[in-house]
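# Structural characterization, general
One-letter residues, chain by chain:
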Amino acid sequence: MAASLKFRLEAGLARVLLGLVARLPPAAASTLGGIVARGIGPWLRVSRVADANLRLTMPDLDAPARARIIRGVWDNLGRTACEFPHIRALGPTPHGPGVEIVCDPARLAAFRAGGAVIFFSGHMANWEAMTPLLAQVGPRPGVFYRAARNPLVDRLIRTLRGASGIALFPKGAPGARAAMLHLRDGGQLGLLADQKMNDGIAATLFGQPAMTASAPAALALRFGCPLVPVRVERLGPARLRVVIEPALVPPAGGDRHADVAALTQMVNDRLEAWIRARPAQWLWLHRRWPRELMQ
């Protein structure tokens with residue numbers, strides 16, 4: 001009973017906050033989120049995780065440089081949260097609030113013609129932009145997502161994400177089975193590949209060991225479909241650029257385990273390049289590397 005009451009209170013608060021933010025223009029909502037988050041976030045305990053991550057992976061940065069990046073991380077996170085109710089309304093546009101899509105016309109036409117494709121990205125800029133992007137790029141879009149612990153909040157989030165007719169696959173065995181059927185039937189699948197996966201495979205990120213999900217590589221090799229990097233960049237308040245890069249070229253070694261490992265490392269290499277280019281736009285707050293390295 002106590003848990004049920006807690007869930008209802010949390011869901012009610014989430015509806016109120018999202019409703020208030022939704023009443024603001026997208027750019028104003030983004031700006032408000034950035035101001036609040038960068039004012040509070042750097043003082044929170046979790047910011048120590050970000051600082052430890054930066055000291056491990058970018059040892060050349062001094063303390064003031066790390067502090068600037070962490071402040072930018074919180075600014076971006078606040079903007080992302082307050083842009084969420086507006087994300088489906090941010091149509092393709094090179095001017096003002098919106099999403100600018102950059103993709104070779106021939107590849108874009110091939111995606112729109114149908115067929116299984118796996119798009120991967122990371123928690124960069126506003127990663128929620130990937131969901132409406134897929135609705136524009138492929139005829140049968142779907143995304144993996146991490147379900148919220150509160151089922152009422154999860155239902156609210158699913159409504160905002162899935163209103164564009166996008167199939168939603170929760171992380172876990174049932175969602176994985178449904179996603180494989182989706183790919184088998186020629187659907188397009190989007191996922192975020194940058195978080196720690198304890199039951200993943202060994203790979204490196206920034207030259208450090210990082211357990212990594214093998215699903216993107218394993219699914220691409222199993223179904224023989226392109227594994228396509230999608231880079232999201234923040235250009236301003238509620239203004240984003242989504243760059244659909246050329247598909248990774250899979251190894252042709254013939255050893256499935258070795259091929260999955262090699263392709264997974266390619267995924268990490270692309271993510272690292274994006275993060276190095278715009279470190280303040282990545283979610284450094286996540287415990288991505290082994291604890292024993294975080295001294």
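### Topic: helix H5 (residues 105-112)
The distance from a side-chain oxygen at the start of H5 to the backbone nitrogen of alanine 106 is 3.1 Å, and the residue carrying that oxygen is aspartate 104. Of the residues flanking the end of H5, it is glycine 114, one or two places downstream, whose phi is positive at about 105 degrees.

### Focus on the packing of helix H2 (residues 26-40) against helix H4 (residues 63-83)
Where H2 contacts H4, the two axes come as close as 7 Å, and the packing angle between them is 140 degrees. By the criterion of interaxial angle, the relationship of H2 to H4 is oblique. Once H2 is placed against H4, the crossing between them reads as right-handed. Contacts between H2 and H4 involve Ala29, Ser30, Thr31, Gly33, Gly34, Ala37 and Arg38 from the first element and Arg71, Trp74, Asp75, Gly78, Arg79, Cys82 and Glu83 from the second. Taken together, the residues of the contact of H2 with H4 break down into four nonpolar, five polar and five charged.

### Remarks on the environment of asparagine 198
With respect to the helices, strands and loops of the structure, asparagine 198 is situated in strand S6 (residues 196-205). C-alpha separation for the pair asparagine 198 and valine 143, spaced 55 residues apart in sequence, amounts to 21 Å.

### Description of helix H3 (residues 47-57)
The buried count for H3 comes to eight of eleven residues, which makes it a mostly enclosed element. Within the sequence span of H3, burial applies to Ser47, Val49, Ala50, Ala52, Asn53, Leu54, Leu56 and Thr57. Where the residues of H3 are buried, they touch H4, strand S7 (208-212) and helix H10 (256-277).

### Thoughts on the sheet that holds strand S4 (residues 167-170)
Strands sit in the order S1-S9-S8-S2-S5-S3-S4 across an open sheet of seven strands; the sheet is mixed. Single-partner strands in this sheet number two, and they are strand S1 (98-102) and S4. Ignoring which end each strand starts from, the neighbouring axes of this sheet average 25 degrees apart. Pairing geometry for strand S8 (residues 227-236) and strand S9 (residues 239-244), over six bridges, is antiparallel. Paired with valine 230 across the strands is isoleucine 244, a residue of S9.

### Re the side chain of aspartate 259
Tracing the sequence through the fold places aspartate 259 in helix H10. When near neighbours in sequence (up to four residues on either side) are disregarded, aspartate 259 contacts Leu221, Pro251, Gly253 and Gly254.

### Focus: the packing of aromatic side chains
Inspection of the entire model under this criterion finds eight aromatic pairs. Pairing phenylalanine 120 with tryptophan 274 gives two aromatic rings, centres 6.0 Å apart and planes at 20 degrees, and the pair type is stacked. With phenylalanine 120 in strand S2 (residues 117-121) and tryptophan 274 in helix H10, the pair connects residues that are 154 residues apart, well separated along the chain. Classification of tryptophan 274 as buried rests on a relative accessible area of 4%. Centre to centre, the rings of phenylalanine 144 and phenylalanine 169 are 6.3 Å apart; their planes meet at 65 degrees, and the pair counts as edge-to-face. Taken as a pair, phenylalanine 144 in strand S3 (residues 141-145) and phenylalanine 169 in strand S4 lie far apart in primary sequence, 25 residues in all. The class of phenylalanine 144 is buried, set by a relative accessible area of 18%. Counting every residue linked through ring pairs, the aromatic cluster contains Phe206, Trp282, Trp284 and Trp289.

### Quick word on the environment of valine 153
Position of valine 153 relative to the elements: it lies in helix H7 (residues 151-162). By relative accessible area, valine 153 is classed as buried at 16%. Once you skip the residues sitting within four places of it in the chain, valine 153 turns out to touch Glu10, Ala11 and Ala148.

### Description of the nonpolar core
Grouped together as the largest cluster of nonpolar side chains are 44 residues, with contacts concentrated most on Ile118, Phe120, Leu189, Leu227, Trp284 and Trp289. Counting only elements with at least two residues in this core, the list comes to H3, H4, S2, helix H8 (173-184), strand S5 (188-192), helix H9 (215-223) and H10. Sort the elements by how many residues they give to this core and H10 lands first, with six residues. Counting residues in hydrophobic clusters, the runner-up holds 25 residues, among them Leu90, Cys103, Val143 and Leu240.

### With respect to the pairing of S7
Pairing of S6 with S7 involves six bridges; the strand directions are antiparallel. Note on S7: the bridge partner recorded for leucine 205 is glutamine 208. Between S6 and S7, which follow one another and run antiparallel, lie two residues, and phenylalanine 206 among them has a positive phi close to 60 degrees.

### Points about the environment of isoleucine 101
Considering the arrangement of structural elements, one finds isoleucine 101 in strand S1. Isoleucine 101 has contacts with Leu133, Gln136, Val242 and Ile244, leaving out every residue within four places of it along the chain.

Here is what the cut-offs are and how they apply
- Residues numbered from 1 in each chain as written.
- Predicted model: local features only at pLDDT ≥ 70, side-chain atom pairs only at ≥ 80, totals over all residues.
- Heavy atoms only, no water.
- Polar contact = N/O pair within 3.5 Å; in protein donor to acceptor, adjacent residues only side chain to side chain.
- Helix = DSSP H or I, 4+ residues; strand = E, 2+ residues; numbered from the N terminus.
- Axes fitted to C-alpha atoms, helices over the stretch in contact; angles between N-to-C directions.
- Parallel < 35°, antiparallel > 145°, perpendicular 65-115°, else oblique.
- Left-handed = near helix turned anticlockwise from the far one by under 90°.
- Contact = heavy atoms within 4.5 Å.
- Nonpolar A, V, L, I, M, F, W, Y, C, P; charged D, E, K, R; others polar.
- Buried < 20%, exposed > 50% of the residue type's maximum accessible area, 1.4 Å probe, protein only.
- Pairing = 2+ DSSP bridges.
- Phe/Tyr/Trp six-rings, centres within 6.5 Å; stacked < 30°, edge-to-face > 60°.
- Core = buried A, V, L, I, M, F, W, Y, C linked by side-chain atoms within 4.5 Å.

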